[in-house]
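Coordinates in review
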Amino acid sequence: MSADAAPALRRLFVGSYTDGADRGGIRTIAFDESGDEAHVVRADSCGANPTYLAQRGSLLFAAHELDSCGRMAAYAIEPDGSLTCRGACTAPYDAGTCFVLPDPNGRNLFGANYLSGSVACCALLDDGRLAAGVPSRRHEGRGLRDDRQEGPHVHSLSFVPGTRLLVAVDLGLDALVIYQVDACGMLAPTAAETVRVPAGSGPRMVAYHPRLPMAALVNELACDVLVFRIDEGGLHWRIVEQLSLPQAPSGDALAAHIAFSPDGRQLYASVRGSDQLVVFPVDDQGRVAGRCDVASGGKGPRHFSPSPDGRFLAVANLASDDVRLFERDADGMLRAVACVDVPQPACVIWNA
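Below or above, wherever it landed, is the structure these notes cover. (Residues numbered from 1 in each chain as written. Predicted model: local features only at pLDDT ≥ 70, side-chain atom pairs only at ≥ 80, totals over all residues. Heavy atoms only, no water.)

Here we come to the sheet that holds strand E21 (residues 266–272). The strand order E20-E21-E22-E23 describes an open sheet built from four strands, whose pairing is antiparallel. Since the sheet does not close on itself, it has two edges, and those belong to strand E20 (254–260) and strand E23 (292–295), each with one partner. The sheet shows a mean angle of 25° between the axes of neighbouring strands, taken without regard to direction. Pairing between E21 and strand E22 (residues 276–281): six bridges, direction antiparallel. In the sheet register, Ala269 faces E22, and the bridge partner there is Val278. (Pairing = 2+ DSSP bridges. Helix = DSSP H or I, 4+ residues; strand = E, 2+ residues; numbered from the N terminus. Axes fitted to C-alpha atoms, helices over the stretch in contact; angles between N-to-C directions.)

The following block contains the structure:
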């Protein structure tokens, strides 16, 4: 390696279930890409079940998935990689926070509350601390399936790129509810658009193409992917493709996560039960052609993320207690390079 070459050591953060105990559920992994080696270097947390993580600059945010309340926490990422808890925002009338999303304007942190079927928001102070939240927005209704859709279950949130439109993916309602959001984090009184998907689909996560006006939605219960075209303003979502995902011999396949590669040439999805990572090639016009299935290297691949430069992909195998790292080739195909033992990993992200 030349003197001016980039360091080979990369850092990842892993959020996990802690069986309700307040212990170190956020683990930091050091990955030596030159030697294909990875190991846990520390564990931090200021609450139980930090099951989803998001980063903005030098701040790391965690969703604490609790049955008793809604809870989001903030951490400062110190220069040496250690985490300092800056506090938490707790909502006693919400429950099951399973997703956090920092506002691009840097003023707010949003949370998806699965159990209470609501969208929460806390103010984000300049030093990274969380202030009292604004009133949450609760969804109402139910879906087709009595076992999973007896009520609303907001599973994830995203801003349509370049807009102030917040998309709340509701697994219980088979809907994407799109809100206009002001600078203070307040959602408009009525939805700007509600995108319905086939009954019983159980939508879970949405991903946006880095260049084209398209989005991909992974449906947990239907175990498929819907590809949408959207207009320049972020509205008028229309389905243009439905993509199948690998089923499990037992019939218990549950799709989990979805993401485009940083260059937009591949779309990836994970499926629990069949324990596969699925690679869809995407052409310059956004059309999907073909599918390749790759073993996740473990059981229950819940969440994954490509590295910012697109060279690697990390996956959290919840059911086998490990995080697997893959190298991506020029065609987006995956080669396993490292494995780290982590109890009940639910989310893995690269230190950006």
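This part takes up the sheet that holds strand E16 (residues 203–208). Taken in spatial order, the four strands make up an open sheet running E16-E17-E18-E19, and their pairing is antiparallel. Two strands lie at the open edges of the sheet, namely E16 and strand E19 (238–244), each paired on one side alone. For this sheet, the mean inter-axis angle between neighbouring strands, taken without regard to orientation, is 25°.

It is worth spelling out the state of the cysteines at this point. One way to say it: the disulfide is the covalent bond shared by the sulfur atoms of two cysteines. Enumeration over the complete set of coordinates arrives at one disulfide. Not engaged in a disulfide, the cysteine Cys69 finds its nearest cysteine sulfur in Cys89; these two sulfurs lie 10 Å apart. This cysteine, Cys121, is not joined by any disulfide, and Cys122 carries the nearest cysteine sulfur, 6.8 Å off. (Disulfide = S-S within 2.5 Å.)

Take the packing of aromatic side chains next. This model, assessed by the stated rule, comprises seven aromatic pairs. Arranged with centres 6.2 Å apart and planes meeting at 65°, the rings of Phe31 and Trp350 form a pair that is edge-to-face. Here Phe31, found in strand E2 (residues 26–32), pairs with Trp350, found in strand E28 (residues 345–350); they are 319 residues apart in sequence, far enough to count as distant. Judged on exposure class, the residue Phe31 and its partner Trp350 are both buried. A network of ring pairs unites the aromatic residues Phe31, Phe312 and Trp350 as a single cluster. (Phe/Tyr/Trp six-rings, centres within 6.5 Å; stacked < 30°, edge-to-face > 60°. Buried < 20%, exposed > 50% of the residue type's maximum accessible area, 1.4 Å probe, protein only.)

As a further point, take unusual backbone geometry. We note that His236 has phi near 55°; this positive angle belongs to a residue other than glycine. Note that His236 resides in the loop between strand E18 (224–229) and E19.

Two side chains that carry opposite charge are able to pair once their charged atoms sit near each other. Evaluation of the coordinates by the stated rule reveals 18 salt bridges. A salt bridge links Asp94 to Arg138; its shortest N-O distance comes to 3.2 Å. One end of the pair, Asp94, is in the loop between strand E7 (83–91) and strand E8 (97–102); the other, Arg138, is in strand E11 (residues 130–138), with 44 residues separating them in the sequence. A residue is classified by how much of its surface remains accessible, and Arg138, at 39% relative accessible area, is partly exposed. Across the salt bridge formed by Arg287 and Asp283, the nearest N and O atoms sit 3.1 Å from each other. When its relative accessible area of 27% is taken as the criterion, Asp283 is described as partly exposed. (Salt bridge = Lys/Arg side-chain N within 4 Å of Asp/Glu carboxyl O.)

Mapped onto the elements, Thr51 comes out in strand E4 (residues 50–56). Look at Thr51 and you get buried, because its relative accessible area is 1%. Among the polar contacts listed, one links the side chain of Thr51 to the side chain of Glu65, at a separation of 2.8 Å. Residue contacts for Thr51: discarding those within four places in its chain leaves Gly15, Ser16, Tyr17, Ala63, Glu65, Thr97, Cys98, Ala346 and Cys347. (Polar contact = N/O pair within 3.5 Å; in protein donor to acceptor, adjacent residues only side chain to side chain. Contact = heavy atoms within 4.5 Å.)

Here we take up the nonpolar core. Counting 70 residues, the largest nonpolar core has Leu60, Phe110, Leu157, Leu166, Val225, Leu245 and Leu267 as its most contacted members. Here this core takes six residues from strand E6 (residues 70–77), the largest share from any one element. Residues in contact with Leu267, not counting those within four places in the same chain, are Ala216, Val225, Leu243, Ile258, Ala259, Phe260, Val278, Val279, Phe280 and Val282. (Core = buried A, V, L, I, M, F, W, Y, C linked by side-chain atoms within 4.5 Å.)

Moving on to the pairing of E16. Across the six residues of E16, six count as buried, placing the element largely inside the fold. In the sheet, E16 pairs with strand E17 (residues 214–219) via five bridges, with the strands oriented antiparallel. Opposite Ala207, over in E17, you have Ala216 as the bridge partner. Taken together, E16 and the strand that follows it, E17, pair antiparallel across an intervening segment of five residues.

Let's shift gears to the side chain of His257. Mapped onto the secondary structure, His257 falls in strand E20. Classification of His257 as buried rests on a relative accessible area of 8%. Engagement of the side chain of His257 in a polar contact is seen with the backbone oxygen of Phe304, the distance being 3.4 Å. Sequence-distant contacts of His257, defined by excluding residues within four places in its chain, comprise Met205, Val218, Tyr268, Ala269, Ser270, Arg302, His303 and Phe304.

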